[in-house]
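Here is what each chain is made of, one letter per residue.
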Amino acid sequence: MTFDDPRRPIAVTMGDPAGVGPEVTARAWAARRENHLPPFVAIGDIAAIEAVWDGPVARVGDMDEVGRAFDTALPVWHLEDSGPLIPGQPTPAGATCALHALETGIGLTRNQASSALVTGSVSKYALHGIGYTHPGQTEFIAERCGVTATNAVMVLAGPSLRVVPLTVHIPLAEVPERLTSELIVAKARIVARGLRRDFGIETPRLALAGLNPHAGESGQLGSEEERVMAPAIAQLAEDGIIVDGPVAADALFAPGIRDQYDALLCGYHDQALAPFKALHFHDGVNLTLGLPIIRTSPDHGTAFNIAGTGRADPGPTIAAIAMAARMAAARERSCAPAK
């Protein structure tokens, strides 16, 4: 992929301007050549980048300007001044800027001016302080795209592993009640469709992790595997979707086993994310399937504690941009008319 790539640029929101988003976005541009990144535009307060980086910046007002500027400067879609800016110190004005950047990025991507959306990290606490009521960015993006939050599926993807937490930000005690056959079937269908459309995997192979130790030990250590998971797997098989399991979670992530699958479906947040981050802490990407647009995000938070110190790792942002580009290309191929 070269800088004269005819495809539309990628929209990258910088997230909270007091976090590491501005720095890692700028450093991703600085590393664009060795990582073969396509043109992208940073969306947010231009002052947030200038506070942490002294490289070349080009203020742009339309996506055509992005391609022309990208080779020599980081294109920035400047929205508004976020007030006095001190890296590491979030403010209501900064949260407002982050929200407006997200709105702008969604709009550009839905309107097909951008080929994909990469979202920088935000502070949920700061956003809630300005009246934001969504649990995270995923739910907000889904709403703006006309998709119910339950049909927007979080996937963590890295070079050797993709995981799907079937339940996400809920207390562990609520998982057995919320993990239903209907939920497993609905999310597995979305994952299978997304792997075909956005990754070019014609016949995805999935595995479902058991909820209990030893996948319930035939009901001796819990009933969810036989009562909830087995019927879901049978229903998916009728749909032509391959799902193995329930597989004991302590074995599923072993190299010889996980390598057989295109994605692993896990019962709860940490069952998916703990092994994933052990393997892909620096190159893991958070992406959302089930949306009409491509959306990825670096798999880390705002890191206010190191913002402005020059220590932020741009690797996850580079990985998120690169994966968004690959997904956009795969979707374009899948939607192309047959010759």
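Residues numbered from 1 in each chain as written. Predicted model: local features only at pLDDT ≥ 70, side-chain atom pairs only at ≥ 80, totals over all residues. Heavy atoms only, no water.

**Some thoughts on the confidence of the model for the chain**
Phase 1 of the analysis: Summing up the model confidence of the chain, the mean pLDDT is 93 and the portion of residues at 70 or higher is 97%.
Phase 2 of the analysis: In the model, residues 1-5 has pLDDT below 50 throughout and makes 10 contacts with residues more than four positions away in sequence or in other chains. (pLDDT = per-residue confidence, 0-100. Contact = heavy atoms within 4.5 Å.)

**A word on the pairing of strand S8 (residues 205-209)**
Phase 1 of the analysis: With four of five residues buried, S8 is to be regarded as a mostly interior element.
Phase 2 of the analysis: The sheet contact formed by S8 and strand S9 (residues 242-247) spans four bridges and is parallel. By the bridge assignment, leucine 206 is partnered in S9 with valine 243.
Phase 3 of the analysis: Chirality of the crossover, the property in question, places the unit of S8, helix H9 (residues 224-238) and S9 among those that are right-handed.
Phase 4 of the analysis: Of the strand pairs in this sheet, S8 and strand S10 (residues 263-266) are connected by three bridges, and their pairing is parallel. Bridge assignment links alanine 207 to a residue of S10, and that residue is leucine 264. (Buried < 20%, exposed > 50% of the residue type's maximum accessible area, 1.4 Å probe, protein only. Helix = DSSP H or I, 4+ residues; strand = E, 2+ residues; numbered from the N terminus. Pairing = 2+ DSSP bridges. Right-handed = clockwise from strand over helix to strand, strands pointing away.)

**Observations regarding empty space enclosed by the protein**
To find leftover empty space, a probe the size of one water molecule is rolled over the atoms.
Phase 1 of the analysis: Within the structure shown, the criterion is met by two cavities of 30 Å³ or more.
Phase 2 of the analysis: Taken as a whole, the largest cavity holds about 50 Å³ of empty space.
Phase 3 of the analysis: Looking at the largest cavity, the residues that line it are Val12, Thr13, Met14, Gly21, Val24, Thr25, Val118, Gly120, Ser121, Pro298, His300 and Thr317.
Phase 4 of the analysis: Every element with two or more residues in the lining of the largest cavity is listed here: strand S1 (10-13) and helix H1 (21-30).
Phase 5 of the analysis: In terms of residue class, the lining of the largest cavity is built from five nonpolar, seven polar and no charged.
Phase 6 of the analysis: Reported here for the second largest cavity is a volume of approximately 30 Å³.
Phase 7 of the analysis: Considering the residues around the second largest cavity, the lining is formed by Asp16, Pro17, Ala18, Ser82, Pro84, Leu85, Ile86, Gln89, Pro90, Thr91 and Gly94.
Phase 8 of the analysis: Residues that form the lining of the second largest cavity fall into these classes: six nonpolar, four polar and one charged. (1 Å grid on protein atoms, 1.4 Å probe; cavity = no way out; pocket = protein on both sides within 12 Å on 5 of 7 lines; lining within 4 Å. Points joined across faces, edges and corners; volume = space filled by probe spheres on them. Nonpolar A, V, L, I, M, F, W, Y, C, P; charged D, E, K, R; others polar.)

**Examining helix H8 (residues 181-199)**
Phase 1 of the analysis: Along its 19 residues, H8 runs 26 Å from first to last C-alpha, staying within 8% of the 27 Å computed at 1.5 Å per residue.
Phase 2 of the analysis: Within the span of H8, buried status applies to Ser181, Leu183, Ile184, Val185, Lys187, Ala188, Ile190, Val191, Ala192, Gly194, Leu195 and Asp198. (Expected span 1.5 Å × (residues − 1).)

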